[in-house]
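# Notes for the structure review
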Amino acid sequence: MANQVQDLTPDEVAKGVTEGRYLLVDVREPNEVAAEAYPYGVVVPLSTFDPKAIPNPQGKEVVFACRSGKRSVTASLAAQAAGLAYDKHLAGGMLGWKAAGLPSKVGG
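Owing to the predicted nature of the structure, the values given are computational and were not obtained by experimental measurement. (Residues numbered from 1 in each chain as written. Predicted model: local features only at pLDDT ≥ 70, side-chain atom pairs only at ≥ 80, totals over all residues. Heavy atoms only, no water.)

## Here we look at the packing of aromatic side chains
Aromatic rings in a pair are described by how distant their centres are and how their planes are angled relative to each other. If you walk through the whole model with that rule in mind, you get three aromatic pairs. Ring plane angle 70° and centroid distance 6.0 Å describe the contact between phenylalanine 49 and phenylalanine 64, whose orientation is recorded as edge-to-face. Residue phenylalanine 49 is found in the loop between β3 (42-43) and β4 (61-65), and its partner phenylalanine 64 is found in strand β4; the two are separated by 15 residues along the sequence. For the residue pair phenylalanine 49 and phenylalanine 64, the accessibility class agrees, reading buried in each case. Here phenylalanine 64 and tyrosine 86 contribute two aromatic rings whose centre-to-centre distance is 6.4 Å and whose plane-to-plane angle is 55°, an arrangement assigned as tilted. Within this pair, whereas phenylalanine 64 is found in strand β4, its partner tyrosine 86 is found in the loop between α3 (71-81) and β5 (88-90), the two being separated by 22 residues in sequence. Taking relative accessible area as the criterion, tyrosine 86 reaches 14% and is therefore assigned buried. (Phe/Tyr/Trp six-rings, centres within 6.5 Å; stacked < 30°, edge-to-face > 60°. Helix = DSSP H or I, 4+ residues; strand = E, 2+ residues; numbered from the N terminus. Buried < 20%, exposed > 50% of the residue type's maximum accessible area, 1.4 Å probe, protein only.)

Next up, the structure:
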């Protein structure tokens, strides 16, 4: 069975995070996060990505996010390869998040 990554819209992710259903894992680098971060995101940079570094989602579904939606797919596939069922990502990344008018914060 091939690994697959499910695209979620910014609105779906924002709603899921607000409702406590999703754990948002930001795989951008620390300098990117320092400039602009997702509210409630957990940072696990792709450059040093280790699926074991992802906090226990405690019943939530993990959703990966990055700047444009490319690195989040890579992270999801890497997590799946490590045996984790983390198959969701934020399509469009931070660019899509902002285009949808959703809030971000400065300083990680």
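On we go.
## Some remarks on the pattern of salt bridges
Scanning the model with the defined rule gives eight salt bridges in all. Ionic pairing is found between arginine 28 and aspartate 26, a salt bridge with its closest N-O pair at 2.7 Å. Given a relative accessible area of 3%, arginine 28 falls into the buried group. By relative accessible area, aspartate 26 is classed as buried at 2%. Close ionic contact of aspartate 87 with lysine 88 constitutes a salt bridge, the shortest N to O distance being 3.3 Å. The class of lysine 88 is buried, set by a relative accessible area of 9%. What emerges from the salt-bridge pattern is a single network uniting Lys15, Glu19 and Arg21. (Salt bridge = Lys/Arg side-chain N within 4 Å of Asp/Glu carboxyl O.)

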